[in-house]
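Here are the chains, one letter per residue:
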Amino acid sequence: MKFYATVLFVLFISFSVCNGQVIKAEKILFETGIAGDATPVLVERILKADKNPISEIKFEKGTYHFYPDKGFEKFCYLSNHGDLMVNTPFPILNMENLTIDGQGSTFIFHGVVIPFLIADSKNIIVKNLSIDWQDPFYSEGLIVANDEKNKTFDMKISEEYPYDIRNGQIFFIKEYYQHSLGQSILYNPKRRAITFNTEVYTPITTKSKTSKTFNLDKIQYKYEYDKRDLGFKNIGFEYGITVEELEPGLVRVYGHKKEMPPVGHILTMKGEQGLNRVAPAFSVAHTIGFSAKNINVHHAGGMGMIAENSEDLILDNFNVTPSQGRMVSTTADATHFVGCRGKVVLKNCTFENQLDDASNIHGTYQKIVDVLDEYRIGVRMGHHQQKAFVIGQPNDHLGFVRLSNSFFPYNKTTIKNIAYINNRYQIITLNEKLPQDVQPGDLVENLDGYPDLLVQNCIIRNNRARGLLISNPVNTVIENNFFSTEMEAILMPVESGHWYESGNATNVIIRDNVFQDCQHSGFNRGVIRFDTDDDNENIAFKDISIINNTFNHFDNLILEVTNTDGLKFTNNTITHSGTFPLLYPSNPAVRIAYSKNMNIDKNIFKGKEKTDLLLEIDGSMSNLK
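Residues numbered from 1 in each chain as written. Predicted model: local features only at pLDDT ≥ 70, side-chain atom pairs only at ≥ 80, totals over all residues. Heavy atoms only, no water.

Draft legend 1. Representation of empty space enclosed by the protein in the model. What the rule picks out here adds up to three cavities of 30 Å³ or more. Considering only enclosed or pocket space, the largest cavity measures out at about 60 Å³ in volume. Its residues placed into classes, the lining of the largest cavity shows four nonpolar, five polar and two charged. The calculated volume of the second largest cavity comes to roughly 40 Å³. (1 Å grid on protein atoms, 1.4 Å probe; cavity = no way out; pocket = protein on both sides within 12 Å on 5 of 7 lines; lining within 4 Å. Points joined across faces, edges and corners; volume = space filled by probe spheres on them. Nonpolar A, V, L, I, M, F, W, Y, C, P; charged D, E, K, R; others polar.)

Draft legend 2. Structural view of the pairing of strand β4 (residues 63-66). Residues Y64 and F66 point to one face of β4 and are all buried, whereas T63 and H65, pointing to the other face, are not buried. Taken together, the four bridges between β4 and strand β8 (residues 96-109) define a ladder with parallel strand orientation. From the neighbouring strand, T63 faces β8, where its bridge partner is T106. (Buried < 20%, exposed > 50% of the residue type's maximum accessible area, 1.4 Å probe, protein only. Helix = DSSP H or I, 4+ residues; strand = E, 2+ residues; numbered from the N terminus. Pairing = 2+ DSSP bridges.)

Draft legend 3. Expanded view of the sheet that holds strand β21 (residues 250-254). If you trace the seven strands from one edge of the open sheet to the other, you get β17-β16-β22-β11-β12-β21-β20, paired in antiparallel fashion. Taken across any chain shown, the strands that pair with only one partner, and hence form the sheet edges, are β17 (193-194) and β20 (242-247).

Draft legend 4. View of the state of the cysteines. By the definition in use, this model includes zero disulfides. For C349, which is in no disulfide, the shortest distance to another cysteine sulfur is to C458 and amounts to 4.3 Å. The exposure class assigned to C349 is buried, which follows from its relative accessible area of 1%. Take C458: its relative accessible area is 2%, and that puts it in the buried class. (Disulfide = S-S within 2.5 Å.)

Draft legend 5. The arrangement of the pattern of salt bridges in detail. Taken as a whole, this structure holds 31 salt bridges when the rule is applied. R424 is the partner of D229 in a salt bridge, and the nearest nitrogen-oxygen pair spans 3.3 Å. With D229 in the loop between β18 (207-209) and β19 (237-239) and R424 in the loop between β34 (411-420) and β35 (425-430), this pair connects stretches of sequence that are 195 residues apart. Its relative accessible area of 12% is what places D229 among the buried residues. (Salt bridge = Lys/Arg side-chain N within 4 Å of Asp/Glu carboxyl O.)

Draft legend 6. The side chain of T202, seen in detail. Note that T202 resides in the loop between β17 and β18. For T202, a relative accessible area of 1% puts it in the buried group. A polar contact is formed between the side chain of T202 and the side chain of T198, at a distance of 2.7 Å. (Polar contact = N/O pair within 3.5 Å; in protein donor to acceptor, adjacent residues only side chain to side chain.)

Draft legend 7. Examining a nonpolar patch on the surface more closely. A cluster of nonpolar residues, L216, I219, Y221, Y225 and I235, forms a patch on the protein surface that exposes about 430 Å² of accessible area. Mapped onto the elements of the fold, Y225 is located in the loop between β18 and β19. Note on Y225: relative accessible area 30%, which makes it partly exposed. (Patch = residues over 30% accessible without salt bridge, like charges linked within 9 Å, V, L, I, M, F, W, Y side chains within 5 Å. Areas by Shrake-Rupley, 256 points an atom, 1.4 Å probe, with all protein chains shown as cover.)

Draft legend 8. Examining the environment of P68 more closely. Considering the arrangement of structural elements, one finds P68 in the loop between β4 and β5 (72-76). Judged by relative accessible area, which is 9%, P68 ranks as buried. Residues P68 and I114 lie 46 residues apart in sequence; the distance between their C-alpha atoms is 9.2 Å. If near-sequence neighbours (up to four positions away) are discounted, P68 is found in contact with N87, H110, V112, V113 and Y176. (Contact = heavy atoms within 4.5 Å.)

Draft legend 9. Representation of the side chain of D565. Secondary-structure assignment places D565 in strand β50 (residues 564-570). Engagement of the side chain of D565 in a polar contact is seen with the side chain of N597, the distance being 2.7 Å. Not counting residues within four places of it along the chain, the set of residues in contact with D565 comprises I539, F541, K542, D543, K596 and N597.

Draft legend 10. Geometry of the pairing of strand β42 (residues 490-494). Within β42, five of the five residues are buried, leaving the element largely enclosed by the surrounding structure. Burial along β42 is two-sided: I490, M492 and V494 and L491 and P493, pointing in opposite directions, are all buried. Both β42 and strand β46 (residues 528-532) contribute to a ladder of five bridges, which runs parallel. When the sheet's bridge partners are listed, V494 is paired in β46 with T532.

Draft legend 11. Seen up close, the sheet that holds β35. Ordered in space as β31-β32-β35-β34-β33-β36, the six strands form a closed barrel in which the pairing is antiparallel. For this sheet, the mean angle separating the axes of adjacent strands, direction not counted, is 45°. Pairing analysis gives four bridges linking strand β33 (residues 397-401) to strand β36 (residues 443-446), with the strands arranged antiparallel. Note on β36: the bridge partner recorded for G399 is E445. (Axes fitted to C-alpha atoms, helices over the stretch in contact; angles between N-to-C directions.)

Spelled out as structure tokens, the structure:
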């Protein structure tokens, strides 16, 4: 094989451990001669970086293809993704001070590949490139007919999405990958956005309870188990729909239990939950200092970026947007940060048409299942897509939480070390003795695993789910952004029973943003919502400022707040857009429950009158202005 790379010059001299000798770090230019499959040349050179360091990798501007066949293979536990053996052309592992510059190039990936696998590294920069896939990890079907009486609808499927029907089930066949109908949602091709009131029609009800079971109730488990895990999730369920081919490229779907999807809309399908997040564009783990600038992620089979236990992350002009006429960009979140600290900055970004949130920032709750002695506890990972997640590092502050009593830690200590036993169970040894009242069933969270968060000058639109989902008790500033989302524009939860995503919200500033027709999926929720999944009156959120924003909304409910101490909702302008019909005309503009020290002042309501009720209060309340 010819090696199409040119060593340009030495950037700096670094001290190497290789026989005590000084080794020069190289700047490398890869030329378009490797574009047919750039993977093997890249992998070969990067794997030599321990002895022959690299400071910069540049690409001659062009379109480069990357295949999995000769990629670097590694088993990865990926938070909020499937755990699997993956290949990558960029194994950025234990590297420092490296810049990757595409110089405007487009990278096309094939199959289950993680384009950039970055772990245990420092000061990594990726810039000036676009990421796309030859075949997407989802499929589209145009609704051409429906029959509400007989509960059928017909889909026209283009040649771009080959399929295979097996025993009445449709499977979409890709290069190196396939998926079932699975999770689905409707897009309106005229708006190139999620269909209004889509919850009436989707998701397609692919499963129903089995009619015959025998002795399932006799099965006993000694320890707690996750009913959503892949080994359990289908017990007691069967496929509830069937698919028949009417002619090549035209299929009829039977058995959907919601309203039939409207003709002319596009059904996007990405396969079964738990199996359909396999190839994020960027995986960043245990890394200090990561910057992505001028990046376009046109597609990924999962998230645009998943970052875990990392520090100081800056995304500047990091855009998640579909290409090639596709309705969907990434099949999950545009970006996602778990247990990250230092600074997390999202600025000048566009996140659109992804099939989950624009960004989700949180820590991780782990459940205490054993109190082993005065210094040791055994903890369990709560969700199957958090397997192997290590909650902290030595000397991190660990908080003990009992949500029935408080959403804030009742005590804290520091970590001495963590012994990894298996992907569900770890033993944490502490520097100090355990609190006397700690007990199995309590939760722990890493109090140092939250960032100073800035979201600035971003466009978030046309996606499924939320704009920003944030559980961050440090500092959060959200300013000068545009939101138009299917669900909440901003959701700040305390979530402890499903995903086990830890954190609450304190010191939050939401200012100078525009919210356009959010929450149009059909859910009865506020555009901005603070919520807990534990039904009690304890305070969860503190010191919230929502000021100088514009809400141009088709419906009534703008702000939904619960369990909050200290909120300013001032100088906001609320207008009626008239874009869609009102879904909940009896709602107020602001709904507050179990909160205190509320200041709602100097807000302007303009345009068509939407509701006679501007403020609704539920539960205990004190110091309302």
